Amino acid sequence: MNIYVDAKMSDDQRRDELYSGAVFVYSPSPYALKLCLLAQEMIADAFRPFEPLHIHENISAEKCAEILGVLKPKFIHHPKSKEYIQGMLTESGADLEKTYFDVPRMRTAFPGDYLKSGIAYAFHPHRDTWYSAPMCQINWWMPIYELNSENCMALHPHYFGKAIKNGSSQYNYQRWNQESRFNAAKLVKADTRVQPHAEEPIELEPQFRLVCPIAGAYQFSAAQLHSTAPNTSSVIRYSIDFRTVHLDEVLSHGGAFNVDSACTGTTMGDYLRASDLAPLPAEVIASYLEDAHLPSNRVSA
Ligand SMILES: [Fe+2]
């Protein structure tokens, strides 16, 4: 696989590479820094007087989940969050008329077994395309505080293009939104929500963990297998991720090749046009609604 650092290539070329399994890493840009500083301020306000990286040493997991249950949606819906992502996309050379993004999520990974479910769900190995994301989705990820190799996210690129037996056929994003999502803050000790998992043993090695600086961002295809690495450090990891799609591939149902995603429903309704925050046209969303991935873009595993 290819890893591009601060690559200077056209947006079309970059997306082609991503759909072929490449990863792109970017140094902190001014707007990425603004987004991370906004997140830092909100985290500090929410947990004051405690120091954000060591919350697990000061308050109960239940109390922490309660605070995160307020903090995370507040960050997602903060008007500045969208503005700063628009800035990041401009900085990256994206065509704002054709690029759509969804609101940024704030994620946490706590040391040990402190809090791994619900609002702080530690993601098992998965592809976002098992969760009704389109094959053209590109994931962006960046750390809010200094990252280390023991509290990163992990990518498992040897599974790119290689089918894994999985439970995605049972997943439908529209149903998930109705049934499960809003209970996340209540799931402190165990996560009972039905999510698509691999249904065969997964080789987590080799894996790689990109240790970027604060607001250093990396991009990968939603078809890449990735997971929350167990946090074996002593500090909490806070990160931001968001996703983009480009209208050309949205309309052509293009993107990465689908080797094993069989979910229904679609996340297409979540994306906002970078120029003016308009949603995708209803008929475009409808073309994905029954089946997140066209049969012609699917290989039976
Ligand atoms: Fe994911």
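So, a few notes on the structure that sits alongside this text. (Residues numbered from 1 in each chain as written. Predicted model: local features only at pLDDT ≥ 70, side-chain atom pairs only at ≥ 80, totals over all residues. Heavy atoms only, no water.)

This part is about the overall build of the chain. Helix and strand content of the chain: 7 helices and 10 strands. Its C-alpha atoms put the chain at 55 × 40 × 35 Å along the principal axes. Taking all 301 residues of the chain together, the buried fraction comes to 55%. Counting only contacts in the chain whose residues sit at least 6 apart along the sequence, the fraction spanning at least 24 positions is 85%. Carbon and sulfur atoms make up 55% of the accessible area of the chain, which totals about 12900 Å². Of note, the chain has its 27 positive side-chain charges centred 4 Å away from the centre of its 35 negative side-chain charges. (Helix = DSSP H or I, 4+ residues; strand = E, 2+ residues; numbered from the N terminus. Buried < 20%, exposed > 50% of the residue type's maximum accessible area, 1.4 Å probe, protein only. Contact = heavy atoms within 4.5 Å. Areas by Shrake-Rupley, 256 points an atom, 1.4 Å probe, with all protein chains shown as cover. Lys, Arg positive; Asp, Glu negative; His and termini not counted. Charge placed at Lys NZ, Arg CZ, Asp CG, Glu CD.)

This paragraph deals with the packing of helix H2 (residues 30-47) against helix H3 (residues 61-76). Each pair of packed helices can be described by the angle between their axes along with the distance between the axes. The interhelical angle for the contact between H2 and H3, taken along N-to-C directions, is 145°, at an axis separation of 10 Å. In this structure, H2 crosses over H3, and the sense of that crossing is right-handed. Contacts between H2 and H3 involve Leu35, Leu38, Ala39, Met42, Ile43, Ala46 and Phe47 on the former and, on the latter, Cys64, Ile67, Leu68, Leu71, Lys74 and Phe75. Its residues placed into classes, the contact of H2 with H3 shows 12 nonpolar, no polar and 1 charged. (Axes fitted to C-alpha atoms, helices over the stretch in contact; angles between N-to-C directions. Left-handed = near helix turned anticlockwise from the far one by under 90°. Nonpolar A, V, L, I, M, F, W, Y, C, P; charged D, E, K, R; others polar.)

This part covers the environment of Ser132. When you line up the elements, Ser132 lands in the loop between strand E4 (105-109) and strand E5 (138-143). For the pair Ser132 and Cys263, spaced 131 residues apart in sequence, the C-alpha separation works out to 5.7 Å. A distance of 3.2 Å separates the side chain of Ser132 from the backbone nitrogen of Tyr173, its partner in a polar contact. (Polar contact = N/O pair within 3.5 Å; in protein donor to acceptor, adjacent residues only side chain to side chain.)

What follows covers the coordination of the iron ion. At the metal site, the iron ion is ligated by His126 (NE2), Asp128 (OD) and His226 (NE2), and these contacts range over 2.2 Å. Here the donor residues for the iron ion map to a single chain with the spacing H-x1-D-x97-H. As far as the burial class goes, His126 and Asp128 line up, both buried. (Donors = N, O, S within 2.8 Å, 3.2 Å for Na, K, Ca; no water.)

Our next topic: the pairing of E5. Burial runs high along E5: 6 of the 6 residues are buried. The two faces of E5 match: Ile138, Trp140 and Met142 on one face and Asn139, Trp141 and Pro143 on the other face are all buried. Taken together, the 6 bridges between E5 and strand E9 (residues 237-246) define a ladder with antiparallel strand orientation. Within the sheet, the bridge partner assigned to Trp141 lies in E9 and is Asp241. (Pairing = 2+ DSSP bridges.)

This part covers the pairing of E4. For E4, the buried fraction is high: 4 of the 5 residues fall into the buried class. Where E4 and E9 come together, 5 bridges link them in antiparallel fashion. Opposite Ala109, over in E9, you have Arg237 as the bridge partner.

Using the criterion set out here, one finds 14 salt bridges in the structure. Residue Asp11 pairs with Arg15 through a salt bridge whose shortest N-O separation is 2.7 Å. Placement of the pair is Asp11 and Arg15 together in helix H1 (residues 11-19), with a separation of 4 residues, close to one helical turn. Residue Arg15 is classed as buried on the basis of its relative accessible area, which comes to 4%. (Salt bridge = Lys/Arg side-chain N within 4 Å of Asp/Glu carboxyl O.)

In globular proteins that are soluble, nonpolar side chains generally tend to be buried together. The biggest cluster of nonpolar side chains holds 60 residues, and the ones touching the most others in it are Phe47, Cys64, Met142 and Tyr238. At 8 residues, the largest contribution of residues to this core is made by H2. With residues near it in sequence (within four places) discarded, Cys64 still touches Phe47, Ile55, Ile59, Phe110, Tyr114 and Leu115. With 12 residues, the next largest nonpolar core counts Met153, Phe208, Cys212 and Tyr218 among its residues. (Core = buried A, V, L, I, M, F, W, Y, C linked by side-chain atoms within 4.5 Å.)

Nothing here speaks to function; it is geometry throughout.
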